[in-house]
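A structural walkthrough
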2 protein chains.
Amino acid sequence: MKSSTVTIPNAVIHRLPRYYRYLRDIMDEGVERISSIDLSKRMGVTASQVRQDLNHFGDFGQQGYGYNVAYLREEIAKILGLSESHPVIIFGAGHLGTAIANHSNFPRRGFEILTLFDNDPKVIGTTINGMLVRDENELESFLAENKVEIAILALPKAVTQSVADRLISLGVRYFLNFAPVDLRYDDPSIIVESVHISDSMMTLSYRIAKSQEEKKG
Amino acid sequence: MKSSTVTIPNAVIHRLPRYYRYLRDIMDEGVERISSIDLSKRMGVTASQVRQDLNHFGDFGQQGYGYNVAYLREEIAKILGLSESHPVIIFGAGHLGTAIANHSNFPRRGFEILTLFDNDPKVIGTTINGMLVRDENELESFLAENKVEIAILALPKAVTQSVADRLISLGVRYFLNFAPVDLRYDDPSIIVESVHISDSMMTLSYRIAKSQEEKKG
């Protein structure tokens with residue numbers, strides 16, 4: 001492994017989960033070694049991009065031999081921190097929160113969902129995928145008794161910022177946010193990743209408009 | 001407007017929906033004009049990035065005057081193709097599909113959800129946010145009678161590729177995919193945007209690992 005002080009470009013970091021996904025599939029097929037050319041073909045990128053990307057993290061391949069799939073996948077898992085266990089809560093037990101709670105990939109990547117919180121009496125006390133939905137008024141007492149690293153925010157836009165502020169005041173530092181709002185904090189120890197569904201829909205719309213414009217010439 | 005043949009960098013395109021979101025909020029506050037400096041402060045980027053990004057699409061600002069918020073928002077809406085109406089179907093009426101069908105922003109941005117499809121007898125025939133869930137066996141007849149541009153795929157990974165292939169064979173060309181699989185087609189008229197929830201979770205995990213490593217020195 002290279003020194004951790006080297007800054008990895010953001011674009012590379014955002015591609016790493018994709019490498020992880022492909023290597024998992026390749027492993028499931030029973031493939032043990034793969035060349036950068038074959039890996040790049042599967043992923044629809046150039047072989048030199050694969051080599052450049054992976055070189056940021058160390059020397060995984062052997063000349064003329066290719067990559068050991070299991071080893072590379074394990075190393076990427078380590079880089080991604082997937083070998084660590086992360087206790088998670090989901091705030092918002094509506095359809096989106098429920099969909100996330102049912103996400104089968106989370107537990108086996110170290111994301112251990114402890115519970116969900118909501119303010120709707122209809123869902124409080126029910127279980128989703130074996131996990132209890134608690135009254136959001138119990139948040140303080142729950143966090144006093146349980147270590148929570150990550151909060152997944154599956155909430156309406158209007159309340160997301162205030163819930164995030166409340167969680168931060170209670171010591172939660174890491175967030176996956178689904179509301180169409182950017183949570184920004186000056187404290188560098190607070191980390192927010194966002195999934196903006198409507199932004200993706202707008203990007204699709206842009207690409208459609210562009211493609212139709214090109215067709216018209 | 002500059003010539004449409006100019007290639008806009010992907011990074012800029014992915015930032016456009018964000019500009020649109022901010023300008024909508026700024027408009028809702030009743031602000032009529034904004035300088036690139038004020039806009040950049042709100043968005044947490046540099047003023048020169050704002051100017052550079054927007055310059056790709058034309059000359060929206062006036063020196064010493066700033067941007068007309070309503071005009072800029074309208075122009076970005078046009079660039080994003082949001083002034084066009086896009087008929088949409090959702091494939092998969094589970095929790096994720098239901099959450100998307102309830103997404104309040106879609107209709108007012110021109111994404112007109114016509115119906116949902118599923119294969120579960122328990123949900124077929126029910127309505128979600130006023131929209132009927134149809135039997136997926138009715139897909140062919142529905143598409144023969146209705147113009148559909150975009151299919152949102154809210155399906156398990158294992159079936160996503162085959163459903164996408166089937167939709168393409170029926171003439172659907174544009175997709176928003178939520179499954180952790182990359183849909184790739186050689187036909188450039190087929191456009192896929194993906195929302196990979198677990199990739200975002202892994203990126204968050206990476207940033208957490210990196211931040212903890214730095215803290216340890």
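Residues numbered from 1 in each chain as written. Chains lettered and ligands numbered in written order. Predicted model: local features only at pLDDT ≥ 70, side-chain atom pairs only at ≥ 80, totals over all residues. Heavy atoms only, no water.

1. Quick word on the overall build of chain A
Helices and strands together make up the secondary structure of chain A, namely 9 helices and 10 strands. Viewed in the frame of its principal axes, chain A has a C-alpha envelope of about 60 × 50 × 35 Å. Within chain A, the fraction of its 217 residues that count as buried is 52%. Look at the contacts in chain A between residues 6 or more apart in sequence, and 56% of them connect residues 24 or more apart. When the 24 basic and 27 acidic side-chain charges of chain A are each reduced to a single mean position, those positions are 9 Å apart. (Helix = DSSP H or I, 4+ residues; strand = E, 2+ residues; numbered from the N terminus. Buried < 20%, exposed > 50% of the residue type's maximum accessible area, 1.4 Å probe, protein only. Contact = heavy atoms within 4.5 Å. Lys, Arg positive; Asp, Glu negative; His and termini not counted. Charge placed at Lys NZ, Arg CZ, Asp CG, Glu CD.)

2. Re the environment of Leu183(A)
Residue and element names in this part refer to chain A. Its location among the elements puts Leu 183 in the loop between strand E9 (174–177) and strand E10 (191–194). Judged by its relative accessible area of 7%, Leu 183 falls in the buried class. Remark: the alpha-carbon pair of Leu 183 and Ala 164, spanning 19 residues in sequence, is separated by 8.0 Å. Not counting the four nearest positions on each side in its chain, Leu 183 is found in contact with Leu 153, Thr 160, Gln 161, Ala 164, Asn 177 and Val 192.

3. Here's the deal with the sheet that holds strand E5 (residues 111–118) of chain A
The 7 strands are arranged E6-E7-E5-E4-E8-E9-E10 (chain A) in an open sheet whose pairing can be described as mixed. Taken across any chain shown, the strands that pair with only one partner, and hence form the sheet edges, are strand E6 (127–128) and E10 of chain A. Of the strands in this sheet, strand E4 (86–91), strand E8 (150–153) and E9 of chain A are in contact with helix H8 (residues 157–169) of chain A, which crosses E8(A) at around 170°. Running over the sheet, helix H9 (residues 197–216) of chain B touches E4, E5, E8, E9 and E10 of chain A and is turned about 165° from E10(A). (Pairing = 2+ DSSP bridges. Axes fitted to C-alpha atoms, helices over the stretch in contact; angles between N-to-C directions.)

4. With respect to the interface of chain A and chain B
At the interface, 68 residues of chain A touch 68 residues of chain B. Where chain A abuts chain B, roughly 5,900 Å² becomes buried across the two surfaces, and 62% of that area is made up of carbon and sulfur atoms. At the surface where chain A touches chain B, the tally comes to 10 salt bridges. Of the charged contacts, one joins Asp25(A) and Lys157(B) as a salt bridge, the two residues approaching to 2.9 Å between their closest N and O atoms. Where chain A meets chain B, there are 32 residue pairs in polar contact (both at pLDDT 80 or more). Per element, the largest residue contribution to the side of chain A that touches chain B is 17 residues, and it comes from helix H9 (residues 197–216) of chain A. A class-by-class count of the residues in the side of chain A that touches chain B yields 34 nonpolar, 18 polar and 16 charged. (Buried area = accessible area lost by both parts, 1.4 Å probe. Salt bridge = Lys/Arg side-chain N within 4 Å of Asp/Glu carboxyl O. Polar contact = N/O pair within 3.5 Å; in protein donor to acceptor, adjacent residues only side chain to side chain. Nonpolar A, V, L, I, M, F, W, Y, C, P; charged D, E, K, R; others polar.)

5. Overview of the confidence of the model for chain A
Summary statistics for chain A give a mean pLDDT of 90 and a share of 94% for residues scoring 70 or more. Interface confidence in the predicted complex, given as ipTM, is 0.90; pTM for the same model is 0.89. (pLDDT = per-residue confidence, 0-100.)

6. A look at the side chain of Ser200(B)
Tracing the backbone shows Ser200(B) in helix H9. Judged by its relative accessible area of 14%, Ser200(B) falls in the buried class.

7. Here we look at the relation of the copies chain A and chain B
Copies of the same chain, two in number, are related to each other by a rotation about an axis and a translation along it. Rotating chain A by 180° about the axis while translating it 0.0 Å along that axis superimposes it on chain B, leaving an RMSD of 0.0 Å. A rotation of that kind, with that shift, is consistent with a two-fold axis. Considering only C-alpha atoms, the part of chain A nearest the rotation axis is His95(A), at 2.4 Å. Interface overlap between copies is the fraction of interface residues in one copy that are interface residues in the other; for chain A against chain B it reaches 100%, indicating a shared surface. (Least-squares fit on C-alpha atoms with pLDDT ≥ 70 in both.)

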